[in-house]
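Reading the structure
Below, each chain spelled out in residue letters.
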Amino acid sequence: MSEESLRPNLPPLALHVPEPRFRPGDPVDFAEVVIPPADAARRPDTSAQPAEFHELAYTLVRVLDEDNQAVGAWNPRLAPEVLRRMLRSMARTRAFDERMFRAQRQGKTSFYMKCTGEEAVAVAATLALDRDDMCFPSYRQQGILLTRDYPLVEMMNQIYSNRGDPLHGKQLPIMYSSKDTGFFSISGNLTTQYPQAVGWAMASAAKGDTRIAAAWCGEGSTAEGDFHSACTFAAVYRAPVIFNVVNNQWAISSFSGFAGAEATTFAARAIGYGIAGLRVDGNDALAVYAATRWAAERARTNQGPTLIEHFTYRAEGHSTSDDPSQYRSAEEATAWPLGDPIARLKAHLVAIGEWDDERHAAMDREVAEEVRAAQKEAEKNGVLGHGLHQPLDSLFDGVFEEMPWHLREQQAQMLAEEAASGRPWARK
Ligand SMILES: Cc1ncc(C[n+]2csc(CCOP(=O)(O)OP(=O)(O)O)c2C)c(N)n1
Ligand SMILES: [Mg+2]
C-alpha cells in the first residue's frame, strides 16, 4: 500500500484471482453443479425473439433422463438407425483418438489432441447440420470430419506430415483442412474462426444462398476479442451462423473461472448481444442434436445467430504435451455428474430395445480394426523421423498464387545455404 492513504477509512483496493475448487489430491464433490430434470426446459418456437427465452441461457437443455429414456420438448425423436449412426461415429472418433495418441507416444508424430468425453459436441451437431453447411471448428472437433466420412488415412497423413499429407507439412499435426468436407482450416490462433464463420455466413446470405455456418471454440477462447466482434457482427446483420462454445471447464491448466465462469454462464454472453442463447448438456448427444437443429432452423429462416454453450468436461489432457495431474484432481473425470456421451447414448439404445452389449462390443472391434488398417496404410507414406517428406524447395509454395519477389529471394537463399551446408537430409 502507498505510504499515505487518501481514504484511511477504506480498505485498499484488491483484485479477485479465481482459484479452481479442486487441485491434485483433493477429493472431488460436484454437488454444486445444478442439473435440472431432462424434461424441464421449454422449447420456444424457432421464430421466437431471443429476449423471450433468456432463462434457457442459465439452465441445461437435456433429453436423456435418469432411466435412459428420451423425454421432454427437446426430444428430437430420431429413428434408431440415426441413433446407431451417431453412436458409431462417436465410437469411431474415440478409437481414432486412442490410436493417434499412442502413435504420438511411439514417436510417429510430434503432437496429438484427443476429444475424449466431448465426442457428442461435434458428432451430434454435424448430424443435425446439412452436409453442405460450413463448419469452422477448433482443434477438438475431429468428430466433424469422422462424421462426414472424410478418409481416416488422409487425417493420419496430415498427423504424420508425411508424403501423403494433403497440407504438405505446412500445418501442425491435427490442424486439418478440407474444403470438400465443409471443414475450414484449423488455426492455432484461438478464436480466429469465429469472425471468419460470420464473414462466411454473411457472404452466404449476400449471395442469396441457403447454406449456414457453424463455429466451435472452447470456453477459454471466449476471452479472445475475436469472439466478441464476431457476436457483434452476427447480431447486427442476423447472420446465419451457429456459435458453439464447448465449455469443457479447462483451458490447458487454466480453469473456466479465468474466462468468466464464476460470474455467469457462457450461454448468457448471448443476452448482452441480443442473440439467442442456449445452455445444453454437452454429454447428451440428443440434446446437442436438438439444440443444433433448432439453431439451424433459426439461421436458415433468417432469425439470426444462436450461441450454444455445451457444458461438458475435458476427460483427458489438453494435448500430448500436457500433464493434467499437475494442476487438477484426478478424481474430477470420474466424479463428473453428466457422465460419458457414448455410454449415455448406448444406455438409451439398450433401454429402447435397439442395442445390446454384444452389438456394442462388435462395433468397438470393427471401428478399432478400421482405424488400425488406416494407420497401416498411412504409415506407408512415412512417419516423423523418416526424413524430409516434402521437397525442401516446396516450403514457400501454396501461400500466394504467384510467389512474390521477396519470397523468391528467400527461397533462393535457403537453397544456396542448404547446398553449401552439404546436409544430405535437406534434399529429398
Ligand atoms: C490467441 C492464442 N492465445 C493462446 C494460445 C495458447 N493456447 C492454445 S490452446 C489454449 C487453451 C484453450 O482453451 P479452450 O478455449 O477452453 O479450449 P479447449 O482446449 O479446452 O478445447 C491456449 C491458451 C493460442 N493458441 N492462441
Ligand atoms: Mg476448454
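As the structure is a computational prediction, the values presented were derived from the model and not from experiment. (Residues numbered from 1 in each chain as written. Chains lettered and ligands numbered in written order. Predicted model: local features only at pLDDT ≥ 70, side-chain atom pairs only at ≥ 80, totals over all residues.)

Assigned secondary structure in the protein chain consists of twelve helices and seven strands. Oriented by its inertia axes, the alpha-carbon framework of the protein chain measures out at about 75 × 70 × 55 Å. The 428 residues of the protein chain split such that 42% are buried. Considering only contacts in the protein chain between residues 6 or more positions apart, those separated by 24 or more positions represent 79%. (Helix = DSSP H or I, 4+ residues; strand = E, 2+ residues; numbered from the N terminus. Buried ≥ 20, exposed ≤ 12 C-beta atoms within 10 Å, placed from the backbone. Contact = placed C-beta atoms within 7 Å.)

Most of strand β7 (residues 306-311) sits inside the fold, with six of its six residues counted as buried. Neither face of β7 is open: one carries T306, I308 and H310, the other L307, E309 and F311, and all of them are buried. One ladder, built from six bridges, connects strand β3 (residues 241-247) with β7; its direction is parallel. Looking at the pairing, F243 lines up with L307 of β7. Sheet analysis places strand β6 (residues 276-281) next to β7, joined by six bridges and oriented parallel. (Pairing = 2+ DSSP bridges.)

The strand order across the open sheet built from five strands is β1-β2-β3-β7-β6, with neighbouring strands paired in parallel fashion. Looking at strand neighbours, the two that pair on one side only are β1 (134-136) and β6, the edges of this open sheet. Averaged over all neighbouring strand pairs, the angle between strand axes comes to 20°, with direction disregarded. Contacts between helix α5 (residues 193-206) and the sheet are confined to β1, β2 (213-218) and β3, with β2 contributing the most and set at about 170° to the helix. (Axes fitted to C-alpha atoms, helices over the stretch in contact; angles between N-to-C directions.)

Attention now moves to the UniProt feature "domain: Dehydrogenase E1 component" (unreviewed entry) in the protein chain. Within this structure's numbering, the places UniProt gives as "domain: Dehydrogenase E1 component" (unreviewed entry) are residues 88-382. Secondary structure across residues 88-382 divides into 44% helix and 11% strand, with the first and last C-alpha atoms of the span separated by 29 Å. (UniProt positions renumbered as here; feature names shortened; annotations may be inferred.)

By the criterion of burial, helix α2 (residues 119-128) is predominantly enclosed, with ten of the ten residues buried. Listing the buried residues of α2 in full gives E119, A120, V121, A122, V123, A124, A125, T126, L127 and A128.

In this section: the site of ligand 1. The environment of ligand 1 is made up of 18 residues, and the closest members are L190, G218, G220, S221 and A251. Across the shell around ligand 1, the residue classes tally to six nonpolar, eight polar and four charged. (Near = placed C-beta within 6 Å. Nonpolar A, V, L, I, M, F, W, Y, C, P; charged D, E, K, R; others polar.)

Looking now at the environment of G164. Locating G164 in the fold gives a position in the loop between α4 (152-160) and α5. For G164, a count of 18 C-beta atoms within 10 Å corresponds to the partly exposed category. Those residues in contact with G164 that sit more than four places away from it in its chain are N157, A378 and N381.

What follows is about the pairing of β3. Across the seven residues of β3, seven count as buried, placing the element largely inside the fold. Burial of β3 is two-sided: the residues V241, F243, V245 and N247 facing one way and the residues I242, N244 and V246 facing the other way are all buried. As judged from the six bridges shared by β2 and β3, these two strands associate in the parallel manner. Looking at the pairing, G218 lines up with V246 of β3. With respect to chirality, the unit in which β2 leads through helix α6 (residues 225-237) into the neighbouring parallel β3 is right-handed. (Right-handed = clockwise from strand over helix to strand, strands pointing away.)

With respect to the secondary-structure elements, F396 resides in the loop between α11 (357-379) and α12 (405-421). Distance from F396 to Q410, taken between C-alpha atoms, is 8.9 Å for residues 14 residues apart in sequence. The contacts of F396, once residues within four sequence positions are left out, are M403, L407 and Q411.

The next thing to look at is the domain arrangement of the protein chain. Taken domain by domain, the protein chain comprises domain 1 (50-319 + 332-379) and domain 2 (392-426). Distance between the C-alpha centres of domain 1 and domain 2: 38 Å. (Domains from an automatic or database assignment.)

Once that is clear, we can look at unusual backbone geometry. Notably, D149 is not glycine yet its phi reads approximately 60°, a positive angle. Following the sequence through the fold, D149 ends up in the loop between α3 (142-147) and α4. We classify D149 as exposed; it has 11 C-beta atoms within 10 Å. The phi dihedral of Q249 is positive, around 75°, even though this residue is not glycine.

In terms of nonpolar packing, the biggest core is built from 102 residues, with A124, A213, A215, V241, A285, V288 and A291 touching the most fellow members. Those residues within four positions of A213 in sequence are excluded, and the remaining contacts are D133, M134, F136, A197, W200, A201, S204, P240 and V241. (Core = buried A, V, L, I, M, F, W, Y, C linked by C-beta atoms within 7 Å.)

With seven of its nine residues buried, α4 lies for the most part within the structure. Regarding α4, the residues found buried are L152, M155, M156, N157, Q158, I159 and Y160. Here the buried face of α4 lies against α1 (80-105), α3 and α11.

Turning our eyes to something else, we now look at the packing of α1 against α11. Interhelical geometry of α1 versus α11 gives an angle of 45° and a closest axis separation of 9 Å. In terms of their interaxial angle, α1 and α11 are classed as oblique. The two elements α1 and α11 cross, and the hand of that crossing is right-handed. Counted together, R88, A91, R92, A95, F96 and R99 of α1 and M363, D364, V367, A368, V371, R372 and Q375 of α11 form the full contact between these two elements. Looking at side-chain class alone, the contact of α1 with α11 contains seven nonpolar, one polar and five charged residues. (Parallel < 35°, antiparallel > 145°, perpendicular 65-115°, else oblique. Left-handed = near helix turned anticlockwise from the far one by under 90°.)

All right, on to the packing of α1 against α2 then. Closest axis-to-axis distance for the α1/α2 pair is 10 Å, and the angle between their directions is 140°. Looking at the two axes, α1 sits oblique to α2. Where α1 crosses over α2, the handedness of that crossing is right-handed. Contacts between α1 and α2 involve M86, S89, M90, T93 and R94 from the first element and E119, A120, V123, A124 and L127 from the second. Broken down by class, the residue content of the contact of α1 with α2 amounts to six nonpolar, two polar and two charged.

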